[in-house]
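A structural walkthrough
Residue strings, one per chain:
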Amino acid sequence: MPTLTIDNVKVEVAAGATILDASRKAGIRIPTLCYMEKVQAIGACRVCLVEVEGAKTLVASCVMPAGEGMKVKTNTKRVREARRMVVELLLSDHDGDCQTCNRSGDCELQALARELGIKEITYPGAKGRKLIDDSTPALTRDSAKCIHCRRCVAVCSQIQGVGALFPQSRGFKSVIGPAFAQNLDTVTCVQCGQCAAVCPVGAISERDQIDEVWAALDNPKKHVIVQTAPAIRAALGECFGLPPGTLVTGKMVSALRRLGFHAVFDTNFTADLTILEEGTELLTRLKKALVDKEKVALPMYTSCSPGWIKYVEHFYPDIREHISTCKSPQQMFGAVAKTYYAEKIGKKAEDIFVVSVMPCTAKKYEAQRPEMNSSGVRDVDVVLTTRELGRMIQQAGIDFVNLPDDKMDSPLGISSGAADIFANTGGVMEAALRTAYEIVTGKQLPAENLHIKPIEGLQGVKEASLKITGAVPAWSFLEGVTVNVAVAHGLSNARKVIERMKSGEANYHFVEVMTCPGGCIRRRRPAARDHRRGADEAHRRHLPRGRREETPQVAREPGSRPDIQGVPRQAARREIAPPAAHAL
Amino acid sequence: MAVENACACGEKLSEEELLAKLDEVLLEYKDKPGALIPVLQIAQGMLGYLPETALKRIALGLNKPYSEVAGVVSFYAFFSTSPRGKNVIRVCLGTACYVRGGKNVLDALKHQLKIDVGETTKDHLFSLEVARCFGACGLAPTIAINDKVYKRVRPTKVGEILEQYKEAAKQGEAHG
């Protein structure tokens, strides 16, 4: 338990803590750039330099262990000048077209330059290569803006277990990217966008599709509708300076109407449909396994997260059959809108333009998948991220903060409370289990029957067992059966579950996988400051508000909703390629 | 690193046989920490260069992302992903050689061979690389062709040096 002094503040820290940890405990801020709490501490960028009494050189506080009796100074002339030089050198090799950069105003490098008082860049000279990669539907990369902090490398390999990105070549030729600086579409990238979420600058971003939406809105022949994911309403406010997690559902609806959308709907509507379909599919698979003694793929994995589906296709193609054949809520919505809703309003599918607002870059990729056209045309035309919607609202000159509240449209704008927990890790499974339990027993799932516990020694994987009692006659074969379920978030954790199943260490019936750590709620890019504090804290701050909206709106169980009964089910299923499982 | 691209009888192995040998190496190194660079060196020793097929095998064999394997290969000048010529010319651009005109020697070689650094001539006779110091600074500027070091090389003399190798290749063909 070393005790040290930082800027005359005494602080005691646990053994193994760094000077940066100690300074945070003491409430003293040290700027960082390449550092990510619990993910990456490599001392590469040198922005966190501090002066330690008796040490010959300045030290990087993110990697320097705190020592007993150390005297640290974080704000001396030497420190200030060194930090300034470090950032000036980064800027000298950075394509600084700030006025036209989509991260302007939300860029960590820009913020640091301002914070450190940099007025000119005194190191002109050679610059690195400029390679633009827009090969994928989800992401664009610009190597000239990259500052080689390696945060994307760390999340891609450690959190997601994908490893699509790594430093290539050396010196000014060096770029962060796939093998031999090829494009992302040539490698096993799952398009989850975690790299874009942690990029401090504009080097990796979501593909900007705002202009496509403007073009549709300007086209008088198109009936343009929008669906919004639950995670958006707690995040959009941040684009307009509201505190993280502020719920802005009503203002968002108003803004969307002012942008010119003909109708505003809720993706939760089809999230309910997903729950119904997925719960039923699980029961059908269990029946086949337990009663008919057929060979059936168990465990069943959830299918809502397109990054996860791509991950399986790349890394575990042998378990494709295990993934639920349900479409994700986004794609179900597109299919329902262009069939059921189109018929209701008397329009042809090709005259309807479906925009979805999602917290996720992989959803852009999902909408472009070749099989996502069950309405005869592309089911979802354009996917915008939260930040793109924020930019659109700004482009329209709408005073977001002072907008009145408005309500979503019927019939695709209402949902049960169950769908609201969808965006959090564990949410899909909980909602599907509630539904399945009610189908089987005719009763609501008692809260005490579902204890989802972390597995010892496995971070990011949780499991639970549910014993079914009091089954109704039609499902009596499930009486006394214990259903084992697991929840994984972050793809490296999903890999652990798959490997546990393969080795026989675990025997699950149903597994929920969300591509991003924490689930969709944390996928959207938090403001730059969140990463310096650590993603976990950011998640804590957003979570209560994301959960807060879980109040019974129409009905708690999706199956008891009056409106959902009329929706055709054939739109709900996705194809596994190959073989096709199209029909319900 | 004792693996050579020939078996005891002196016959050349096919690429397929060499890759099978690489698999044996991978099995041996699979669980060793820091195995990537030694394995790459062995593979290049066996194959002469590092083709994509070998690199992908190495990534799978050592359970590492392909991006990481490629990153290491592209970081070190020693590794080559294209087939190298019969004779590898390395021009020293260390401080002493640079000061005494190593750059001019390099330019002369580029001009004569009509290739850039890292490339191989169309007849596969020469590859051109740069190096940092052979430990013969007193004899600067130096170049090395395969294992032979040439001292106090002048740009006007590189043609003569190359000629010896062209001649040797012709004779080799005549005899072979």
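Here, the structure is the one placed above.
Along the backbone of chain B there are 7 helices and 4 strands. Counting helices and strands in the order they occur from the N terminus, chain B gives α-α-α-α-β-α-α-β-β-β-α. Split into buried and exposed, the 176 residues of chain B put 40% on the buried side. Excluding contacts between residues fewer than 6 apart, the proportion of contacts in chain B whose partners are at least 24 apart in sequence is 60%. When the accessible area of chain B is evaluated, it comes to approximately 10200 Å², of which 52% is carbon and sulfur surface.

Turning next to unusual backbone geometry. Trans is the common state for peptide bonds, and a negative phi is the common state for residues other than glycine. A cis amide bond links A:Leu298 to the next residue, A:Pro299, at an omega of 5°. On the secondary structure map, A:Pro299 appears in the loop between helix H8 (268–290) and strand S13 (300–301). Each neighbour pair has its own omega, and for B:Ala140 with B:Pro141 the value is -5°, a cis peptide bond. Tracing the backbone shows B:Pro141 in the loop between strand S2 (126–131) and strand S3 (143–145). Positioned with a positive phi, A:Gln191 is a non-glycine residue whose angle comes to about 65°. Along the polypeptide, A:Gln191 turns up in the loop between strand S9 (175–177) and helix H5 (194–198). Look at B:Asn63: it is not a glycine, yet its phi comes out positive at around 55°. Residue placement: B:Asn63 occurs in the loop between helix H3 (52–61) and helix H4 (66–75).

To continue, consider the pattern of salt bridges. Should their charged atoms come close, side chains of opposite charge can pair. Residues and elements named next belong to chain A. By the definition in use, this model includes 34 salt bridges over all chains. Here Arg500 and Glu505 are joined by a salt bridge, their closest N and O atoms 3.2 Å apart. Among the residues examined, Arg500 registers a relative accessible area of 13% and is labelled buried. Sharing partners across several salt bridges, the network here consists of Arg103, Asp106, Glu206, Asp208, Arg387 and Arg391.

Right, let's talk about helix H6 (residues 210–217) of chain A for a bit. Residues and elements named next belong to chain A. The complete set of buried residues in H6 reads Ile210, Val213, Ala216 and Leu217. Down the axis of H6, the buried side of the element spans an arc of 125°, and every buried residue falls inside it. Among the structural elements, strand S11 (223–228), helix H7 (249–259), strand S14 (352–358), strand S15 (382–385) and helix H12 (386–395) are those in contact with the buried residues of H6.

Quick look at the sheet that holds strand S4 (residues 59–60) of chain A now. All names here are of chain A. Read across the sheet, 5 strands follow the order S2-S1-S5-S3-S4 without closing on themselves; strand pairing throughout is mixed. Taken across any chain shown, the strands that pair with only one partner, and hence form the sheet edges, are strand S2 (9–12) and S4. By the bridge criterion, 4 bridges tie strand S1 (residues 3–6) to S2 in an arrangement that is antiparallel. Each bridged residue has a counterpart across the sheet, and for Leu4 the counterpart in S2 is Val11. Sheet strands in contact with helix H2 (residues 77–92) are strand S3 (49–52) and strand S5 (71–73), and its direction is about 155° off that of S3.

Attention shifts here to the packing of H7(A) against H12(A). All names here are of chain A. Close contact between H7 and H12 brings their axes to 10 Å; oriented N to C, the two are set at 60°. In terms of axis orientation, H7 runs oblique to H12. Along this stretch, H7 crosses H12, giving a crossing that reads as left-handed. Along its contact with H7, which presents Ala255, Leu256 and Leu259, the element H12 presents Leu389, Met392 and Ile393. Residue composition of the contact of H7 with H12, by class: 6 nonpolar, no polar and no charged.

So, about the packing of aromatic side chains. Counting across every chain of the model gives 12 aromatic pairs over all chains. Centroid distance A:Phe265 to A:Tyr341: 5.2 Å. Interplanar angle 80°. Geometry classified as edge-to-face. Of the two residues, A:Phe265 is situated in strand S12 (residues 263–266) and A:Tyr341 in helix H10 (residues 329–345); the sequence distance between them amounts to 76 residues. Residue classification places A:Tyr341 among the buried positions, given a relative accessible area of 6%. Taking NZ or CZ as reference, A:Arg170 lies 4.1 Å from the ring centre of B:Phe75, over its face. In this structure, A:Lys310 is placed above the aromatic ring of A:Tyr365, and the distance from its NZ or CZ to the ring centre is 5.5 Å.

Residue and element names in this part refer to chain A. Among the nonpolar cores identified, the biggest contains 62 residues, and Leu33, Val87, Leu109, Leu165, Ile204, Tyr301 and Trp308 are the most heavily contacted of them. Mapped by element, the contributors of at least two residues to this core are H2, helix H3 (108–115), helix H4 (151–159), H5, helix H9 (306–315), strand S18 (482–489), helix H14 (491–503) and strand S19 (510–514). Here this core takes 6 residues from H2, the largest share from any one element. Ile225, Ala229, Cys360 and Val380 belong to the second-largest nonpolar core, a separate cluster that totals 46 residues.

All names here are of chain A. Its location among the elements puts Ser303 in the loop between S13 and H9. Judged by relative accessible area, Ser303 falls into the buried class, the value being 0%. Within polar-contact distance, the side chain of Ser303 engages the backbone oxygen of Cys326 at 2.6 Å.

Looking now at the environment of A:Pro124. Following the sequence through the fold, A:Pro124 ends up in the loop between H3 and strand S6 (132–133). Taking C-alpha positions, A:Pro124 is 6.1 Å from A:Ser92, a pair spaced 32 residues apart along the chain.

Cut-off values and rules
- Residues numbered from 1 in each chain as written.
- Chains lettered and ligands numbered in written order.
- Predicted model: local features only at pLDDT ≥ 70, side-chain atom pairs only at ≥ 80, totals over all residues.
- Heavy atoms only, no water.
- Helix = DSSP H or I, 4+ residues; strand = E, 2+ residues; numbered from the N terminus.
- Buried < 20%, exposed > 50% of the residue type's maximum accessible area, 1.4 Å probe, protein only.
- Contact = heavy atoms within 4.5 Å.
- Areas by Shrake-Rupley, 256 points an atom, 1.4 Å probe, with all protein chains shown as cover.
- Salt bridge = Lys/Arg side-chain N within 4 Å of Asp/Glu carboxyl O.
- Arc of directions from axis to C-beta.
- Pairing = 2+ DSSP bridges.
- Axes fitted to C-alpha atoms, helices over the stretch in contact; angles between N-to-C directions.
- Parallel < 35°, antiparallel > 145°, perpendicular 65-115°, else oblique.
- Left-handed = near helix turned anticlockwise from the far one by under 90°.
- Nonpolar A, V, L, I, M, F, W, Y, C, P; charged D, E, K, R; others polar.
- Phe/Tyr/Trp six-rings, centres within 6.5 Å; stacked < 30°, edge-to-face > 60°.
- Lys NZ or Arg CZ within 6 Å of the ring centre and 35° of its normal.
- Core = buried A, V, L, I, M, F, W, Y, C linked by side-chain atoms within 4.5 Å.
- Polar contact = N/O pair within 3.5 Å; in protein donor to acceptor, adjacent residues only side chain to side chain.

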